[in-house]
Amino acid sequence: MKKPHVICHMMSTVNGKIISDNWGDKDLTNSYTDIYERCHQSFASQAWMVGRVTMERHFSYGEKPVLSKPQTQIERKPFIGNKEAKRFAIAVDGKGKLIWHSNETGGDHIIEVLTEQVSDEYLNFLQEKKIFYIFAGKNEMDFELVLQQLGDHFNIKTLMLEGGGHINGSLLNEGLIDELSILIVPVADASPDVPTTFELGDYQQKNISQHLHLKEVRQLENAVLWLKYIVSKE
């Protein structure tokens, strides 16, 4: 099966900052979040994917459980349980740090994307919680491999990529994003060291930029602009 169609769906200030803590009026900021979620729901997707920091910040639990060592070493192969699951929340969590109380968040079944350096204790924890997982490489993430497995194992045809900046930048850099859906809020944020929509580490420098073809522009309530682009594959 071919890889899922990837739509990067984000919300940022006019200068690309994506952390809302400095945006002032909380009620207004919450209204932006409501708009973002409503726009997310307008896409016919089967899954959404975020990086570990974003997932930890908004969806998982911070307390660390006591992990138990399994009796035998766990083979590094996909763990896929309930075949009835149709919608998925995907966490890119290379070393296995996220803590979950159940195998769902918001009704979406959790899939952990790991590297082979993850501990047996953490894999045992995920299996006990019946949380699905796949492996993206030995030490580093191979996102082309990730997308291939998501299509093959879970029949995901459309995937919403929703941050943070480094996971967005990694997939963009590898030419794996097909569309960009971005909400521009009427805020300018000059805060230093705040991530933007797309980020890359120095070791990742390859395709520094990608050309976009404008598909649609809409003005929503509270002066939010919704821009949709097709990512050029040329």
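Residues numbered from 1 in each chain as written. Predicted model: local features only at pLDDT ≥ 70, side-chain atom pairs only at ≥ 80, totals over all residues. Heavy atoms only, no water.

Asks: So what about the overall build of the protein chain? Which residues, and what values?
Replies: Counting its secondary structure elements, the protein chain contains 5 helices and 10 strands. Relative to a compact globule of 234 residues, whose C-alpha radius of gyration would be 17 Å, the protein chain shows 18 Å and is just as compact. For the protein chain, the C-alpha atoms occupy an extent of roughly 55 × 40 × 40 Å along the three principal directions. Across the 234 residues in the protein chain, those meeting the buried criterion constitute 49%. Excluding contacts between residues fewer than 6 apart, the proportion of contacts in the protein chain whose partners are at least 24 apart in sequence is 71%. A total of about 12,200 Å² of accessible surface is found on the protein chain, and carbon and sulfur atoms cover 49% of it. Placing the 25 positive and 32 negative side-chain charges of the protein chain at their respective mean positions leaves the two points 4 Å apart. (Helix = DSSP H or I, 4+ residues; strand = E, 2+ residues; numbered from the N terminus. Rg over C-alpha atoms; globule rule 2.2 N^0.38 Å. Buried < 20%, exposed > 50% of the residue type's maximum accessible area, 1.4 Å probe, protein only. Contact = heavy atoms within 4.5 Å. Areas by Shrake-Rupley, 256 points an atom, 1.4 Å probe, with all protein chains shown as cover. Lys, Arg positive; Asp, Glu negative; His and termini not counted. Charge placed at Lys NZ, Arg CZ, Asp CG, Glu CD.)

Asks: I'd like a description of the pattern of salt bridges, backed by residues and values.
Replies: Evaluation of the coordinates by the stated rule reveals 10 salt bridges. One salt bridge in this structure joins Arg52 and Glu56, with 3.1 Å as the shortest N-O distance. Note that Arg52 and Glu56 are positioned in helix 2 (residues 52–58) at a spacing of 4 residues, about one turn of the helix. Its relative accessible area of 33% is what places Glu56 among the partly exposed residues. Residues Lys228 and Glu216 are paired through a salt bridge, measuring 3.6 Å at the closest nitrogen-oxygen approach. One end of the pair, Lys228, is in strand 10 (residues 225–231); the other, Glu216, is in strand 9 (residues 212–219), and 12 residues separate them in sequence. (Salt bridge = Lys/Arg side-chain N within 4 Å of Asp/Glu carboxyl O.)

Asks: Report on the pairing of strand 10, specifying residues and quantitative values.
Replies: Taking burial as the measure, the 7 residues of strand 10 include 5 buried ones, the bulk of the element. Bridging between strand 8 (residues 179–184) and strand 10 involves 6 bridges; their strand directions are antiparallel. Within strand 10, the residue paired with Ser181 across the bridge is Lys228. Where strand 9 meets strand 10, 7 bridges bridge the pair, whose relative direction is antiparallel. Bridge pairing links Gln219 to Leu225 in strand 10. Hairpin connection of strand 9 to strand 10: 5 residues between the antiparallel strands, including Asn222 at a positive phi of 60°. (Pairing = 2+ DSSP bridges.)

Asks: Quick rundown of the packing of aromatic side chains? Include the residues and the values.
Replies: Taken as a whole and judged by the stated rule, the model has 8 aromatic pairs. Ring geometry for Phe43 and Trp226: centres 6.3 Å apart, planes at 80°, overall edge-to-face. Here Phe43 is found in the loop between helix 1 (26–41) and strand 2 (47–51), whereas its partner Trp226 is found in strand 10, with 183 residues between them in sequence. The same class applies to Phe43 and to Trp226, which are both buried. Their ring planes at 50° and their centres at 4.9 Å tell us that Trp48 and Phe59 sit as a pair that is tilted. One end of the pair, Trp48, is in strand 2; the other, Phe59, is in the loop between helix 2 and strand 3 (88–92), with 11 residues separating them in the sequence. Relative accessible area serves as the criterion here: at 7%, Trp48 is assigned to the buried category. For Phe59, a relative accessible area of 33% gives the class partly exposed. (Phe/Tyr/Trp six-rings, centres within 6.5 Å; stacked < 30°, edge-to-face > 60°.)

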